[in-house]
Amino acid sequence: MTQRADALVLFGVTGDLAFKQIFPALQRLARAGALDMPVVGVARSAWTDAELRAHARESLAAHGGVDEAALARLAPRLRYVEGDYQDPATFARIGAALAPAMHPLHYLAIPPSLFATVVEGLVAAGCANGASVVVEKPFGHDLASAQALNAMLHRYFPETAIFRIDHYLGKEPVENLLYFRFANAFVEPIWNRDHIASVQITMAEAFGIEGRGRFYDEVGAIRDVVQNHLLQVAALLAMEAPIQRSPETARDERNRLFRAMRPLTARDVVRGQFAGYRDEPGVAAGSQMETFAALRLMIDTWRWEGVPFYIRAGKKLPVTSTEVVVDLKRPPLTVFDPVNAGSGNRFRFRLSPDVFISLQARVKAPGERMVGDDVELIARRQSPDQMTPYEKLIGDALEGDASLFASSDSIEAAWRVVDPVLAGMPPPGVYAPGTWGPRDAARVVAEPDGWHNPTLDGGTP
Ligand code: BG6
């Protein structure tokens, strides 16, 4: 654990991320009484404190609603510092606005190309002493750039003071994957290569790139969501239990698992691009960037030898849903049903938009014969007031708890997994919007049932 922060500095406070995610999270933290420090917003626009407060109100009205009591706690804490990040005077003003804080948390909600400039500005003005820093994704563009970014940050901050956001790690149902595995006596003994045939992780989005063409066309599905969110999900499904309750041990265990992920080869990956992508504003005319990726990941540990982890993500698919399906091996002898009857046993973890865990089982079908049916036992929990990922992660970073943040080791290990397939790949296969990606995606999965497609009513198609 690092020191609890006594001030929060938001670089890029006029930007999109602050508007959509950070202000709503701050309001929730203020409501919970967890924001008792000054919040200094920094950007280039010539704003006053009052304008920043009005902007915060607008953001809340557009994203979840204004809670007057919570805003009344938050607003007086907001201060605005205008300035160019190249100009040392900006950082002198930040320093003055921060005094007498000893442990500010600097949140870099700005393009990665500006990270080094801002960090160096903070160091030169003495604002990095005793401080910590939050960085947003994308963390690097490939292994080499991520290593360079880590090296830059490590010059000025210890690893324990660097909070790399992956908002998937702040999601309750994602955290629950690890909890569920180890907190249940009927799960842990079978959670290995002896009983599990394969694991599938699908992140389907029915929408497209929503005006983010310029950003997306430099990134693509593998960098946007696979290298970070989906490999983190795989790590939580596959890692060993931490040896203690401390944040460091949880991170260490996750890091070990990341190191065991086998780098992908071209044969493991199928890329796709939805028809019409190249006509989106900001996208290059002949772009070969993928909006869909399906891949087979192997994890070289004792527990997972030979068990494929199939991962799939795409834009303009038939539904918006993220789901994990764990297929168990079939019983060895079929004394009742014909061979391969039904779909077998599997766990399903629906991570969004709704949340449930299900167990698919075989039960005897009513009647004379000893044959069965598939049934699905679904456990669903509605918790409307659960913390949002940004509320949880910003709250943890202010507390100095890094367990739900990506470490330098895991980030670099994750880039090592995807690096071989980021360039030099065959062109992506075109798919029609509203379909499950290019036809070739089927070849990634060896299992007879192929991919399991999530449906919106929670049932299997
Ligand atoms: C972001 C990606 O990190 O995650 C987006 O940049 C994606 O492309 C989003 O849509 C999905 O997050 P969530 O929480 O809505 O599943």
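Residues numbered from 1 in each chain as written. Predicted model: local features only at pLDDT ≥ 70, side-chain atom pairs only at ≥ 80, totals over all residues. Heavy atoms only, no water.

Considering the pairing of strand S5 (residues 132–135)
Burial along S5 is two-sided: the residues Ser132 and Val134 and Val133 and Val135 are all buried. Relative to S5, strand S4 (residues 104–108) is paired through four bridges, and the arrangement is parallel. Looking at S5, one finds that Leu105 is bridged to Ser132. Considered for its hand, the β-α-β crossover made up of S4, helix H5 (residues 115–124) and S5 is right-handed. Sheet topology note: the S5/strand S6 (residues 162–164) ladder contains three bridges and is parallel. Counted as the bridge partner of Val134 is Phe163 from S6. In this fold, S5 hands off to helix H6 (residues 143–156), which returns the chain to S6; that crossover is right-handed. (Buried < 20%, exposed > 50% of the residue type's maximum accessible area, 1.4 Å probe, protein only. Helix = DSSP H or I, 4+ residues; strand = E, 2+ residues; numbered from the N terminus. Pairing = 2+ DSSP bridges. Right-handed = clockwise from strand over helix to strand, strands pointing away.)

Regarding the pattern of salt bridges
Evaluation of the coordinates by the stated rule reveals 26 salt bridges. Here Arg296 makes a salt bridge to Asp268, at a shortest N to O gap of 3.4 Å. You can see Arg296 sitting in strand S9 (residues 292–297) and its partner Asp268 sitting in the loop between helix H10 (247–260) and strand S8 (269–274), a full 28 residues away along the chain. Given a relative accessible area of 22%, Arg296 falls into the partly exposed group. A salt bridge links Asp354 to Arg350; the nearest nitrogen and oxygen atoms lie 2.6 Å apart. Among the charged side chains, a network of salt bridges with common partners joins Glu323, Arg348, Arg350, Asp354, Glu376 and Arg380. (Salt bridge = Lys/Arg side-chain N within 4 Å of Asp/Glu carboxyl O.)

A short note on empty space enclosed by the protein
Tallied over the entire structure, the rule returns two cavities of 30 Å³ or more. Within this model, the largest cavity holds a volume of roughly 140 Å³. In terms of lining residues, the largest cavity is bounded by 15 residues, among which Asp166, Gln227, Asn228, Ala406 and Ile411 are the most central. At the level of elements, helix H9 (220–238) and helix H12 (408–418) are the ones that each hand at least two residues to the lining of the largest cavity. Class assignment for the residues of the lining of the largest cavity results in seven nonpolar, four polar and four charged. Roughly 40 Å³ of volume is contained in the second largest cavity. Taken together, Met203, Glu205, Tyr216, Ala221, Asp224, Val225, Thr291, Ala313, Gly314 and Lys315 form the lining of the second largest cavity. (1 Å grid on protein atoms, 1.4 Å probe; cavity = no way out; pocket = protein on both sides within 12 Å on 5 of 7 lines; lining within 4 Å. Points joined across faces, edges and corners; volume = space filled by probe spheres on them. Nonpolar A, V, L, I, M, F, W, Y, C, P; charged D, E, K, R; others polar.)

With respect to the environment of Gln21
The residue Gln21 is located in helix H1 (residues 16–31) in this model. For the pair Gln21 and Pro389, spaced 368 residues apart in sequence, the C-alpha to C-alpha distance is 9.2 Å.

Quick notes on the nonpolar core
One recurring pattern in soluble globular proteins: nonpolar side chains tend to sit buried together. Judged by nonpolar contacts, the single largest core of 143 residues is most densely connected at Phe11, Leu26, Tyr107, Met261, Leu297, Phe309 and Phe349. The element best represented in this core is H9, accounting for 12 residues. Each residue touching Tyr107, except ones within four places of it in the same chain, is listed here: Leu8, Val9, Leu10, Phe11, Leu17, Ile22, Val134, Glu136, Ile165, Tyr390 and Ile394. (Core = buried A, V, L, I, M, F, W, Y, C linked by side-chain atoms within 4.5 Å. Contact = heavy atoms within 4.5 Å.)

Some remarks on the packing of H1 against helix H11 (residues 389–399)
Axis angle and axis distance: for two packed helices, these are the angle between their axes and the distance between the axes, and together they describe the pair. For the pair H1 and H11, the least separation of the axes is 8 Å and the interaxial angle reads 70 degrees. Comparing their axes, H11 and H1 come out roughly perpendicular. Crossing handedness for the pair H1 and H11: right-handed. Judged by residue contacts, Leu17, Gln21, Ile22, Ala25, Leu26, Arg28 and Leu29 of H1 engage Tyr390, Glu391, Ile394, Gly395 and Leu398 from H11. Looking at the contact of H1 with H11, its residues break down into eight nonpolar, two polar and two charged. (Axes fitted to C-alpha atoms, helices over the stretch in contact; angles between N-to-C directions. Parallel < 35°, antiparallel > 145°, perpendicular 65-115°, else oblique. Left-handed = near helix turned anticlockwise from the far one by under 90°.)

Comments concerning the site of the ligand
The immediate surroundings of the ligand are formed by Lys137, His167, Tyr168, Lys171, Met203, Glu205, Phe207, Arg212, Asp224, His229 and Lys315. At 2.7 Å, a side-chain N or O of Lys137 approaches an oxygen atom of the ligand. At 2.7 Å from an oxygen atom of the ligand is found a side-chain nitrogen or oxygen belonging to Lys315. When each cavity is represented as a set of grid points, the ligand is found to reside in the largest pocket. Classifying every residue of the shell around the ligand gives three nonpolar, two polar and six charged. (Near = heavy atom within 4 Å. Polar contact = N/O pair within 3.5 Å; in protein donor to acceptor, adjacent residues only side chain to side chain. Sits in = over half its atoms within 2 Å of the grid points.)

A look at the sheet that holds strand S2 (residues 39–43)
Spatially, six strands are ordered S3-S2-S1-S4-S5-S6 in an open sheet, and the strand pairing comes out parallel. The sheet is open, and its two borders are formed by strand S3 (78–82) and S6, each paired with just one other strand. This sheet shows a mean twist of 20 degrees between the axes of neighbouring strands, independent of strand direction. As judged from the four bridges shared by strand S1 (residues 7–11) and S2, these two strands associate in the parallel manner. Note on S2: the bridge partner recorded for Val9 is Val40. Seen against the sheet, H1 touches S1, S2, S3 and S4 and runs at an angle of roughly 165 degrees to S1.

Focus on the pairing of strand S11 (residues 321–328)
S11 sits mainly inside the fold: eight of its eight residues count as buried. Judged by which residues are buried, S11 turns out to be covered on both faces: Ser321, Glu323, Val325 and Asp327 on one side and Thr322, Val324, Val326 and Leu328 on the other are all buried. Where strand S7 (residues 196–204) meets S11, eight bridges bridge the pair, whose relative direction is antiparallel. Bridge pairing in S11 links Ser198 to Asp327. The sheet contact formed by S11 and strand S12 (residues 346–352) spans six bridges and is antiparallel. Across the sheet, residue Glu323 finds its bridge partner in S12, namely Arg350.

Considering helix H2 (residues 49–62)
Compared with an ideal rise of 1.5 Å per residue, which puts 14 residues at 20 Å, H2 spans 20 Å between its outermost C-alpha atoms and is within 8% of the ideal. Among all positions in H2, only Leu52, His55, Ala56, Ser59 and Leu60 are buried. Looking down the long axis of H2, one finds its buried residues gathered within 140 degrees of arc, a one-sided arrangement. Exposed residues on H2 whose side chains face more than 90 degrees from its buried face are Ala50 and Ala61. On its buried face, H2 sits against H1, S2, helix H3 (68–74) and S3. (Expected span 1.5 Å × (residues − 1). Arc of directions from axis to C-beta.)

Take it as geometry only, folks, not as evidence of what the structure does.
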